Amino acid sequence: MNVLVINAGSSSLKYQLLNPETGDLLAKGLCERIGIDGKFTYKPQLPGKEKQDAVDVAMPTHSEAIQTVLNALVDPSNGVVGSMKEIDAVGHRVVHGGEKFAKSVLITDEVMKAIEECNPLAPLHNPANIIGIKACQALMPGVPMVAVFDTAFHQTMPPVAYTYALPYEYYEKNAVRRYGFHGTSHKYVASRAADMLGKPIESLRIISCHLGNGSSVTAIDGGKSVDTSMGFTPLAGVPMGTRSGDLDAGILEYLMNQYGMDIHEMLNILNKKSGVQGVSGVSSDFRDLGAAAAEGNKRAALAVDMFNYGVKKYIGAYAAAMGGVDAIIFTAGVGENDAKQRMAIASGLEFMGVKMDEDANNVRGEERVISAADSKVKVLLIPTNEELMIAMDTASLVK
Ligand code: AMP
């Protein structure tokens, strides 16, 4: 079975064609500058097939973008499948499922309506996801489509974790609550962790650290998300590449008064100019920050230390929330690649049974145990694979 995974943004669209049963990736790529001019990247993974990098293809709408993807996948000389018949289903990443979607779902007219009703919760993302779904439906009639939500995995959180200490009517009338994001990634790595440890996921208390440009930490008890660091929006939690993470809301009024800013300008600063970028003044990329810190840049070092400290605090908090922890997972760009930061985060946690293995940790992007053999808490490095998780969810619903 082959599943086309689509992640549609407002002017870009990422795609992968995968076999969820074997985990094989057949092709992946990207459409960019949709609605502007159009650039198409196609990376077939089969031997003898030629990669195309950012070639010009007119893409006035998402429809031409998806048609370009389909043409490339079935191209007689450079394609990876013989015909459209070999694309059995499409899995769409959808950012926000609100409280309506606690699981992935086969897309019907009613489901489309319900996703549209979630638009106000993710006004920048959900409308683009919907455009991607509609374009696919028009070009692939009869092919089953599944929506996989970034928020769904966290719908198991109890009220004590998802309720904000605001007047309760804002939850009841306006759906203001913690939703959490990166759910597909946290679900995937937690399931891999259970396999690696050879234990049923129901028996494990896991803390999953998805550390990339956007970062979130999740407490997973018995396979269910019970708390997570991102909130109503992805702005909450640990400091990120350019997002502030948690902060005192009183700062907003103070700075808006000081600089005569409106709320849009303030939020632009919190989303795009804060985090490790804001503190360091150097970069949002942890590779640049590591290099700058090594050359003696104190603010770059402070930004990295603040990030590591923020993650460590969430690990402590979630161990307390679950009454202990059996495994800690590191994943995503920083979590998979930066041995020094993993070490900085995990060191000092010996009091709760975490003992790292420095040699095992000295690796990049490889699924493995990085704690010492006698560590009470297992620490795991697990490369995330959101597309495979989407393809697996899609396959299980289509079957
Ligand atoms: P992601 O959002 O998961 O793609 O992660 C992107 C972030 O991962 C980048 O901003 C980098 O800061 C970080 N990253 C990627 N590769 C490395 C690496 N080799 N060493 C340290 N950080 C890395």
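You'll find the structure just up there.
So, here's what we can say about the structure. (Residues numbered from 1 in each chain as written. Predicted model: local features only at pLDDT ≥ 70, side-chain atom pairs only at ≥ 80, totals over all residues. Heavy atoms only, no water.)

This next bit is on the overall build of the protein. Per the secondary structure count, the protein includes 15 helices and 14 strands. In terms of overall dimensions, the protein has a C-alpha envelope of 60 × 55 × 45 Å along the principal axes. By residue count, 49% of the 399 residues in the protein fall in the buried class. Here the contacts in the protein between residues at least 6 apart in sequence split such that 60% fall between residues at least 24 apart. Surface exposure of the protein reaches about 18200 Å², of which carbon and sulfur atoms provide 52%. Charged side chains of the protein number 37 positive and 45 negative; the gap between the two group centres comes to 2 Å. (Helix = DSSP H or I, 4+ residues; strand = E, 2+ residues; numbered from the N terminus. Buried < 20%, exposed > 50% of the residue type's maximum accessible area, 1.4 Å probe, protein only. Contact = heavy atoms within 4.5 Å. Areas by Shrake-Rupley, 256 points an atom, 1.4 Å probe, with all protein chains shown as cover. Lys, Arg positive; Asp, Glu negative; His and termini not counted. Charge placed at Lys NZ, Arg CZ, Asp CG, Glu CD.)

This brings us to the sheet that holds strand β2 (residues 13-19). The strand order β5-β4-β3-β2-β1-β6-β8-β7 describes an open sheet built from eight strands, whose pairing is mixed. In this open sheet, the two strands that pair with only one neighbour each are β5 (52-56) and β7 (105-106). In this sheet, strand β4 (residues 39-44) lies alongside strand β3 (residues 24-32) in antiparallel orientation, the contact comprising six bridges. Residue pairing across strands places Gly-29 opposite Tyr-42, the latter belonging to β4. Lying over the sheet, helix α15 (residues 386-398) contacts β1 (3-8), β2, β6 (89-94), β7 and β8 (145-149), oriented at roughly 125 degrees with respect to β6. (Pairing = 2+ DSSP bridges. Axes fitted to C-alpha atoms, helices over the stretch in contact; angles between N-to-C directions.)

Looking now at the nonpolar core. Counting 41 residues, the largest nonpolar core has Leu-4, Leu-13, Leu-73, Ile-115 and Met-140 as the members making the most contacts within it. Residues in contact with Leu-73, not counting those within four places in the same chain, are Leu-4, Leu-17, Ala-27, Tyr-42, Gly-79, Val-80, Val-81 and Ile-87. (Core = buried A, V, L, I, M, F, W, Y, C linked by side-chain atoms within 4.5 Å.)

Let us look at the layout of surface pockets. Approximately 730 Å³ is the volume attributed to the second largest pocket. Lining the second largest pocket are 22 residues, with Tyr-164, Phe-232, Thr-233, Ala-236 and Ala-249 sitting closest to its centre. Looking at the lining of the second largest pocket, the elements that each hand over two or more residues are β11 (224-228), α8 (263-272) and α11 (298-322). Among the elements that line the lining of the second largest pocket, the one with the most residues is α8, at three residues. (1 Å grid on protein atoms, 1.4 Å probe; cavity = no way out; pocket = protein on both sides within 12 Å on 5 of 7 lines; lining within 4 Å. Points joined across faces, edges and corners; volume = space filled by probe spheres on them.)

Take the site of the ligand next. Taken together, Gly-212, Asn-213, Asp-285, Phe-286, Arg-287, Ala-332, Gly-333, Val-334, Asn-337, Asp-338 and Arg-364 make up the full set of residues adjacent to the ligand. Phe-286 has a polar backbone atom sitting 2.6 Å from an oxygen atom of the ligand. At 2.9 Å from an oxygen atom of the ligand is found a main-chain nitrogen or oxygen belonging to Gly-333. Within the complex, 74% of the 500 Å² of free accessible area of the ligand lies under protein. Per-element tally for the shell around the ligand: the top contributor is helix α12 (residues 332-337), with four residues. Counted by class, the shell around the ligand contains three nonpolar, four polar and four charged residues. (Near = heavy atom within 4 Å. Polar contact = N/O pair within 3.5 Å; in protein donor to acceptor, adjacent residues only side chain to side chain. Nonpolar A, V, L, I, M, F, W, Y, C, P; charged D, E, K, R; others polar.)

Attention now moves to the packing of α11 against helix α13 (residues 339-346). Helix packing geometry: the angle between the two helix axes and the distance between the axes. One can describe the packing of α11 onto α13 by two numbers: an axis separation of 8 Å at closest approach and a directional angle of 50 degrees. Comparing their axes, α13 and α11 come out oblique. The crossing of α11 and α13 is right-handed. On α13, the residues touching Val-304, Phe-307, Asn-308, Val-311, Lys-312 and Ile-315 of α11 are Gln-341, Ala-344 and Ile-345. Class assignment for the residues of the contact of α11 with α13 results in six nonpolar, two polar and one charged. (Parallel < 35°, antiparallel > 145°, perpendicular 65-115°, else oblique. Left-handed = near helix turned anticlockwise from the far one by under 90°.)

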